[in-house]
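Here's the letter readout for the chains.
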Amino acid sequence: MQSRDQFNSVTLAAPAKLNLFLKVLGRRSDGYHELETLMVSVGLYDTLRISPDPEGRLSMSCHDSGRVQTGAPKRELPPADADNLVLRAANLLRQITGTKQGARLELIKRIPMAAGLAGGSSDAAATLVGLNRLWNLQLAPHELHDFAAQLGSDIPFFLCSAAAAVCRGRGEIVEPLPLPLRLHFVIARPPGGLSTAAVFKQCRPSPCTWSSAQLVEACFQGRLDSMAICFHNSLQEPAERLCAEVGTLRRWFARQGFVGHMMSGSGTSYFGLCRSRRHAQQLAARLKAARLGDVFVAQSRP
Ligand code: C5P
């Protein structure tokens, strides 16, 4: 996680993720689903600025990036209340460590919500890392990991600094994976979003016969086409049933020259893998003209 410290405050860049592989292995007795997923961190960021509050209060504000986007709907913002994962992470740290220190948390949102890009999870991970530093709590990585896993299944991934990881369990068991090449993506977020819980409720264990290992192998051989053949998301079918816009995006992406394409996480974002940055920019321009939602060009991180 990139960060910089200035005048007692900490500023962190919280990246989005894409799932190139997400296989639901079964339903667990705790109501969660056992997963095998390959997540890639991409260069689409929220920014979190944390400054000390001398009165010992915790407060949060949330803004959009102020970027004018022609033709795109105005970005929704999460409520900056106690349900927000940022404040939940801050409150959990205060409760566990007993610190009475306060903080002002300013979040600039660029990652769309309810989109399968884990923006809220990434913001929560940034909060844990930033407050650990600002409050000088000296929590070890394994302690931060445990708090992250308590808050949400995707949050531990963002604590590892690797560009990608294979995640298991409910998503919280993270095996970091350095990426040998830079991947170029176009991401579309249709007007509608989906709740993760609603999509998981509709899913079934996957008939997919391969594992993330084949995708990892293709990636290490630098074979983009073989990687794309291994793309899988068990949540895509239920998401398409719940939100017709995902199917519309799938059909649109299939008619363009992407190397491969798929929905990310529980949706509704849809991504296409491209051969280069230029290729991604060309296809993104076409996608913007099609007016199917917000469009982003993003690369995997080094
Ligand atoms: O862990 P998190 O709070 O992000 O999960 C949100 C919801 O998604 C859970 O309440 C659960 O319904 C569903 N989920 C699941 N299996 C997972 C992860 C999430 O069923 N592995």
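Given the structure is predicted, the values throughout are model-derived calculations rather than measurements.

K.L.:
Explanation requested: the overall build of the protein in the structure shown.
P.N.:
In terms of regular secondary structure, the protein is built from ten helices and twelve strands. Relative to a compact globule of 302 residues, whose C-alpha radius of gyration would be 19 Å, the protein shows 19 Å and is just as compact. Judged by the C-alpha coordinates and their principal axes, the protein covers about 55 × 45 × 35 Å. By residue count, 55% of the 302 residues in the protein fall in the buried class. Here the analysis covers contacts within the protein between residues at least 6 apart in sequence; of these, 74% occur between residues at least 24 apart. Summing over all exposed atoms, the protein offers an accessible surface of approximately 13400 Å²; the carbon and sulfur share of this is 50%. Seen as two clouds, the 35 positive and the 24 negative side-chain charges of the protein have centres 7 Å apart.

K.L.:
Where do I start with helix α1 (residues 85-97) in this structure?
P.N.:
Residue pairs three or four apart in sequence face the same way in an α-helix, which turns once every 3.6 residues. Between its first and last C-alpha atoms α1 spans 18 Å; for 13 residues at 1.5 Å apiece the expected length is 18 Å, and the two agree. Among the residues of α1, those classed as buried are Leu85, Val86, Leu87, Ala89, Ala90, Leu92 and Leu93. Between the side-chain oxygen of the N-cap and the backbone nitrogen of valine 86 there are 2.9 Å, and the N-cap of α1 in question is asparagine 84.

K.L.:
What's the story with helix α10 (residues 277-290) in this structure? I'm lost.
P.N.:
Between its terminal C-alpha atoms α10 stretches 20 Å, which fits the 20 Å expected from 14 residues at 1.5 Å a residue. Among the residues making up α10, those that are buried are His279, Ala280, Leu283, Ala284 and Leu287. Along the long axis of α10, the arc covered by the buried residues comes to 130°, so they all point the same way. Opposite the buried face of α10, by more than 90 degrees, sit the exposed residues Arg278, Lys288 and Ala289. Where α10 ends, the next residue or the one after it, arginine 291, has phi of about 50°, a positive value.

K.L.:
Please explain the side chain of asparagine 233 as it appears in this structure.
P.N.:
Structurally, the position occupied by asparagine 233 is in strand β9 (residues 232-233). A distance of 2.9 Å separates the side chain of asparagine 233 from the backbone oxygen of methionine 263, its partner in a polar contact. In this structure asparagine 233 touches Leu22, Met262, Met263, Ser264 and Gly265, once residues within four positions along its chain are discounted.

K.L.:
Which parts of the structure should I look at to understand the domain arrangement of the protein?
P.N.:
Accessible area lost upon the coming together of the parts is a frequently used measure of interface size. With domains assigned, the protein is organised as domain 1 (2-176) and domain 2 (180-299). One C-alpha centre belongs to domain 1, the other to domain 2, and the line joining them spans 22 Å. Counting from both sides, the interface comprises 34 residues of domain 1 and, opposite them, 41 residues of domain 2. Counting the surface lost from both domain 1 and domain 2, the interface buries some 2700 Å², and carbon and sulfur atoms represent 63% of this. The largest contributions to the domain 1 side of the interface with domain 2 come from Leu20, Phe21 and Leu22, which together make up 22% of the buried area. Where domain 1 packs against domain 2, one counts zero salt bridges.

K.L.:
It is not clear to me how the nonpolar core should be interpreted in this structure. Could you clarify?
P.N.:
Looking at soluble globular proteins, one finds that nonpolar side chains tend to be buried together. Membership of the largest hydrophobic core comes to 41 residues, with the highest contact counts inside it found for Ile50, Leu93, Leu105, Leu131 and Trp135. Not counting chain neighbours up to four residues away, the residues in contact with leucine 105 comprise Leu48, Arg49, Ile50, Leu58, Ser59, Met60, Ser61, Val86, Leu87, Ala90 and Thr127. Counting 35 residues, the second-largest nonpolar core is a separate cluster that includes Val42, Leu183, Val216 and Leu224.

K.L.:
I tried to follow empty space enclosed by the protein on my own but got confused; where do I start?
P.N.:
Gaps left between atoms are located by rolling a probe of water-molecule size over the structure's atoms. Applying the stated criterion across every chain yields a total of one cavity of 30 Å³ or more. Within this model, the largest cavity holds a volume of roughly 50 Å³. Lining of the largest cavity is provided by Met1, Pro15, Ser41, Phe157, Phe158, Cys160, Ala162 and Arg301. In the lining of the largest cavity, the residues fall into six nonpolar, one polar and one charged.

K.L.:
Can you walk me through the layout of surface pockets in this structure?
P.N.:
The volume enclosed by the largest pocket comes to roughly 1100 Å³. In terms of lining, the largest pocket is formed by 46 residues, of which the most central are Leu85, Ser121, Asp154, Thr196 and Ser266. Elements supplying a minimum of two residues to the lining of the largest pocket: β2 (9-27), β3 (33-53), α1, β5 (102-109), α2 (119-134) and α5 (196-202). Taken together, the residues of the lining of the largest pocket sort by class into 20 nonpolar, 16 polar and ten charged. Counting contributing residues, the lining of the largest pocket receives three or more from each of domain 1 (2-176) and domain 2 (180-299).

The rules behind these values
Residues numbered from 1 in each chain as written. Predicted model: local features only at pLDDT ≥ 70, side-chain atom pairs only at ≥ 80, totals over all residues. Heavy atoms only, no water. Helix = DSSP H or I, 4+ residues; strand = E, 2+ residues; numbered from the N terminus. Rg over C-alpha atoms; globule rule 2.2 N^0.38 Å. Buried < 20%, exposed > 50% of the residue type's maximum accessible area, 1.4 Å probe, protein only. Contact = heavy atoms within 4.5 Å. Areas by Shrake-Rupley, 256 points an atom, 1.4 Å probe, with all protein chains shown as cover. Lys, Arg positive; Asp, Glu negative; His and termini not counted. Charge placed at Lys NZ, Arg CZ, Asp CG, Glu CD. Expected span 1.5 Å × (residues − 1). Polar contact = N/O pair within 3.5 Å; in protein donor to acceptor, adjacent residues only side chain to side chain. Arc of directions from axis to C-beta. Domains from an automatic or database assignment. Buried area = accessible area lost by both parts, 1.4 Å probe. Salt bridge = Lys/Arg side-chain N within 4 Å of Asp/Glu carboxyl O. Core = buried A, V, L, I, M, F, W, Y, C linked by side-chain atoms within 4.5 Å. 1 Å grid on protein atoms, 1.4 Å probe; cavity = no way out; pocket = protein on both sides within 12 Å on 5 of 7 lines; lining within 4 Å. Points joined across faces, edges and corners; volume = space filled by probe spheres on them. Nonpolar A, V, L, I, M, F, W, Y, C, P; charged D, E, K, R; others polar.

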